[in-house]
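This is what each chain is made of:
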Amino acid sequence: MAINKTKVAVGFIVAGALTVVSGLFFLIVGPMVMKDQVIKNTVIDPKNEMSYTMWKDVPVPFFMSVYFFNVLNPEEVLVGEKPMVEQRGPFVYRKRIQKDNITFHANGTVSYREYRRFFFEPSMSSGNESEVVTIPNMLVLGAAVMMENAPFTLRLTMSAAFKVFKEGAFLTKPVGELMWGYDSGLVDFLNSYLPGMLPSTGKFGLFAEFNNSNTGLFTIHTGQDDIRKVHKVDSWNGLTKLSNWNSPQCNMINGTAGQMWPPFMTRESTLPFYSPDACRSLELVYQRDGAMKGIPLYRYVAPKTLFANGSDYPPNEGFCPCRQSGLLNVSSCRHNSPVFISHPHFFNADPVLLDSVQGLRPTEDEHGLFIDIHPLTGVPLNVSIRLQLNLYMKKVSGITETKKISEVVMPMIWFEESGYIDGPILSTFHTNLVVLPTVMEAMQYGFIALGLATILIASLVHHRVKTARSHSTMTFSGEDNPVSDKERAKRAHDPQMEGKCVINN
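Throughout what follows, the structure given in this document is the object of discussion. (Residues numbered from 1 in each chain as written. Predicted model: local features only at pLDDT ≥ 70, side-chain atom pairs only at ≥ 80, totals over all residues. Heavy atoms only, no water.)

**Things to note about the overall build of the protein chain**
When you go through the protein chain residue by residue, the secondary structure sums to 11 helices and 15 strands. With 505 residues in all, the protein chain has 46% of them scored as buried. Of the contacts made within the protein chain by residues no fewer than 6 positions apart, 65% connect residues no fewer than 24 positions apart. Of the accessible surface of the protein chain, which amounts to about 26100 Å², a share of 57% is contributed by carbon and sulfur atoms. (Helix = DSSP H or I, 4+ residues; strand = E, 2+ residues; numbered from the N terminus. Buried < 20%, exposed > 50% of the residue type's maximum accessible area, 1.4 Å probe, protein only. Contact = heavy atoms within 4.5 Å. Areas by Shrake-Rupley, 256 points an atom, 1.4 Å probe, with all protein chains shown as cover.)

**Remarks on the pattern of salt bridges**
Scanning all chains against the criterion turns up 16 salt bridges. D226 is the salt-bridge partner of R228, the closest N and O atoms lying 3.1 Å from each other. Of the residues examined, D226 reaches a relative accessible area of 21% and is grouped as partly exposed. E416 is paired through a salt bridge with R386; the nearest N and O atoms lie 3.2 Å apart. Of the two residues, E416 is situated in strand 15 (residues 408–420) and R386 in strand 14 (residues 379–393); the sequence distance between them amounts to 30 residues. Like R386, E416 is buried. Shared partners join several salt bridges into a network, and the residues in it are E86, R88 and E131. (Salt bridge = Lys/Arg side-chain N within 4 Å of Asp/Glu carboxyl O.)

**Let's talk about unusual backbone geometry**
Of the consecutive residues G89 and P90, the connecting peptide bond is found in the cis state with omega at 10°. Looking at the secondary structure, you find P90 in strand 2 (residues 85–104). Looking along the chain, the bond that leaves C320 and enters P321 is cis, with omega of 20°. Looking at where P321 falls in the secondary structure, it is placed in the loop between strand 10 (295–301) and strand 11 (328–329). Positive phi, close to 60°, is recorded for F264, a residue that is not glycine. The topology assignment puts F264 in the loop between strand 7 (233–236) and strand 8 (271–275). Under the relative-accessibility criterion, F264 is labelled partly exposed at 31%. In the Ramachandran plot, K403 falls in the positive-phi region, its phi being about 45° despite a non-glycine side chain. Exposure remark for K403: the relative accessible area of 45% places this residue in the partly exposed category.

**Section: the packing of aromatic side chains**
Under the criterion given, the structure shown has 20 aromatic pairs. Look at Y182 and F204: their rings are 6.3 Å apart centre to centre, the planes differ by 80°, and that puts the pair in the edge-to-face class. With a gap of 22 residues between them, Y182 in the loop between helix 6 (175–180) and helix 7 (185–193) and F204 in the loop between helix 7 and strand 6 (213–221) connect regions that are remote in the sequence. For the pair Y182 and F204, one class covers both residues: buried. Measuring from ring centre to ring centre gives 5.6 Å for F207 and F415, while their planes differ by 85°; the resulting arrangement is edge-to-face. Of this pair, F207 sits in the loop between helix 7 and strand 6 while F415 sits in strand 15, placing them 208 residues apart in sequence. (Phe/Tyr/Trp six-rings, centres within 6.5 Å; stacked < 30°, edge-to-face > 60°.)

**Comments concerning the environment of D100**
Of note, D100 is situated in strand 2. For D100, a relative accessible area of 44% corresponds to the partly exposed category. In this structure, the C-alpha to C-alpha distance between D100 and K56, residues 44 residues apart in sequence, is 8.1 Å. Residues in contact with D100, not counting those within four places in the same chain, are Y112, R113 and Y115.

**A short note on the state of the cysteines**
According to the stated counting rule, one finds two disulfides in the structure shown. One disulfide bridge connects C320 with C322, the sulfur atoms lying 1.9 Å from each other. Judged by the sign of its S-S torsion, about -90°, the cystine formed by C320 and C322 is left-handed. Relative accessible area serves as the criterion here: at 32%, C322 is assigned to the partly exposed category. By sequence-ordered numbering of the bonded cysteines, the protein chain has its disulfides arranged as 1-4, 2-3. Not engaged in a disulfide, the cysteine C250 finds its nearest cysteine sulfur in C320; these two sulfurs lie 8.3 Å apart. (Disulfide = S-S within 2.5 Å.)

Set out below in structure tokens:
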């Protein structure tokens, strides 16, 4: 049975057109399906097993690396010389986070408390917790500044108490005790006669109140009603605004709880979050694009204005009383102790702070904080939050332990909280958010390319068949047919051909 090439070519043209239409359909519908899946898996909902588990238990390993500024010349500092420090560490702790008391509300919010525990990791540390370092004694030097304007007799009494309990201006103790607490007769005395002056009634340590604790009662949006609100804080400890600071803007509770953000971010998006430890909302800004094992990301960093003082950046006036730019005064939420937060080694701070202490060498790579975000989902892929704890110290008359100390903001420790997605979670993330979208995109454009190629080839075949048929028709008829001329000549000279009809096929 003969094949009708024209019909076959037309059939391929139709098939190619359908293939192109399918590709265009997937090109339009594909992103919509992807967006729907992102929304479905971003909403905080126990039915979304994987995403809900990630939010609830934070399976990504988090670590806190602590560096101490060991004071090399404490005696010289007491007579007014510039402090000399050397960095010791890191002392690394694994941080375990788990949400508890989770309660969903009818208005599209969920409440929870997040508990944290720290476990020392010797294999990741430069030394062990028994290593001894010398740092300023917060109990003495902090209390001295706090009592600067107290009656002189009270300052003398406090100085006498320091001597009774053998507390000096500097403290030399093992890292473990400085971190998590040590017994002190002075602490017991202060808690008895000046209740509320210290953050705890037990052992005194720089991180004593953080271990086995929670960050407060957070109520955040689930995203059920509006995906743009997912993870954003509705209230903290029942508060929708703070009262620590001196302006409505500075007292605002903005952004998320600092673990995840709403999806569909752009380079113009910022990264706001509320930090109970910093007692304020913070906001990071876009720096650059990047990739982590093939997964696209946006890197967000702290702007130079984050810890700028009110003179350099008027919107920060509400965080004052301020000192030099680069410092955040957290005394209002730290029992009025003269404690300041900054970037490590006074990175991005007023050069005066750096010049007042020997041994500091700030660099962005080592001391700048950043968060790498997958913009489509708002999920952090790599996090490094680096902050420094500083003590403002000076000579205070009546408290002889301060002797002739020059006025200085003294770095005590800096720490880095870091974590990144890896292992099976990263593989799942890569498959769902890189491989599958890439395959879908390849299929979309593949269908379009295949359809166009099919239409082109089929059209060429159809044109050839049509041309050949047209040429054949011309051969069958008229004077242009060479066979017809030949037959005529043959009839003219061959009597036997006369009267016969010659049919040309």
